[in-house]
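Next come the chains, spelled out residue by residue.
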Amino acid sequence: LSLGSMAPMAVPSPFLGLADLLDRADPAGGMERPARMAALLAMTYGSAEASGMLGFTGGLAVGAWADFILVDVDPTTAMPDELRRARVSHVWVGGQLVWEAKDAAPAAPSPDQR
């Protein structure tokens, strides 16, 4: 797993991991802030590549599995504290909505449900 969590010793949340990565202090006491997009790329594309699943997972592309989530924050811009509070509202597996938070706004139907 590329840029994975310390589960089961820590909560297995990519949002907590990204927040910690963005907040991490270096040994000299300054802040080490790796490029956010590089971290997100390592967590998605990098994990797919490391597991031999690139082309099926790791990003949204024609022919790839449509496994994705919707969250209430934008991980490309959210501050670490916002990432720590991130909540998943919808989960899709294979292009099908499989879970929706009780308080979530309705998701658009999948193309085969229209």
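Going by the structure above, here's the rest.
The notes below deal with the structure included here. (Residues numbered from 1 in each chain as written. Predicted model: local features only at pLDDT ≥ 70, side-chain atom pairs only at ≥ 80, totals over all residues. Heavy atoms only, no water.)

## Notes on the overall build of the protein
Condition: Secondary structure is summarised from DSSP: a helix means a run of H or I of at least four residues, a strand means a run of E of at least two, and numbering begins at the N terminus for each. Only protein chains enter the accessibility calculation, which uses a 1.4 Å probe. A residue is then buried if its area is under 20% of the maximum for its type, exposed if over 50%, and partly exposed in between. The protein chains shown are the only cover counted for residues, whose accessible areas, like all others here, come from Shrake-Rupley with a 1.4 Å probe.
Looking only at helices and strands, the protein has three helices and three strands in total. The secondary structure elements of the protein, listed N-terminal to C-terminal, are α-α-β-α-β-β. Residues counted as buried form 23% of the 114 residues belonging to the protein. Accessible surface, the protein as shown: approximately 7700 Å² in total, 62% of it carbon and sulfur.

## Considerations on the packing of aromatic side chains
As a reminder, the rule being used: Only centres within 6.5 Å qualify two rings of Phe, Tyr or Trp (six-membered ring in Trp) as a pair; their planes then separate them into stacked at under 30 degrees, edge-to-face at over 60, and tilted for everything else.
Considering all chains together, one arrives at two aromatic pairs under this definition. Measuring from ring centre to ring centre gives 5.5 Å for Phe56 and Trp65, while their planes differ by 40°; the resulting arrangement is tilted. Looking at Phe56, the relative accessible area reads 41%, which means it is partly exposed.

## Thoughts on the packing of helix α1 (residues 14-23) against helix α2 (residues 36-50)
Our working rule: For every element, the axis is a line fit to its C-alpha atoms; helices are fit only across the contacting stretch, and the angle between N-to-C directions ranges from 0 to 180 degrees. The hand of a helix crossing depends on one turn: near helix anticlockwise from the far one by less than a right angle means left-handed, and clockwise means right-handed. Contacts are assigned to residue pairs with any non-hydrogen atoms lying within 4.5 Å of each other. Throughout, the ten residues Ala, Val, Leu, Ile, Met, Phe, Trp, Tyr, Cys and Pro are labelled nonpolar, Asp, Glu, Lys and Arg are labelled charged, and all others, Gly among them, are labelled polar.
For the pair α1 and α2, interaxial distance at closest approach is 11 Å and the crossing angle is 145°. The crossing of α1 and α2 is right-handed. Along the contact surface, α1 presents Pro14, Gly17, Leu18, Leu21 and Leu22, while α2 presents Arg36, Ala39, Leu40 and Met43. Tallied by class, residues from the contact of α1 with α2 come to seven nonpolar, one polar and one charged.

## Details of the side chain of Arg36
Quick reminder of the rule: None of His or the chain ends enter the tally, which takes Lys and Arg as positive and Asp and Glu as negative. One speaks of a salt bridge when a side-chain nitrogen belonging to Lys or Arg is within 4 Å of a carboxyl oxygen belonging to Asp or Glu. For this analysis, a polar contact is any N or O atom pair within 3.5 Å, provided that within protein one partner can donate a hydrogen and the other can accept it, and provided that sequence-adjacent residues contribute only side-chain to side-chain pairs.
Mapped onto the fold, Arg36 is located in helix α2. Despite its burial, Arg36 pairs with no opposite charge; the closest candidate is Glu82, at 7.2 Å N-O. Within polar-contact distance, the side chain of Arg36 engages the backbone oxygen of Ala78 at 2.7 Å. When residues no more than four places from it in sequence are discounted, the contact partners of Arg36 are Leu22, Pro75, Thr76, Thr77, Ala78 and Leu83.

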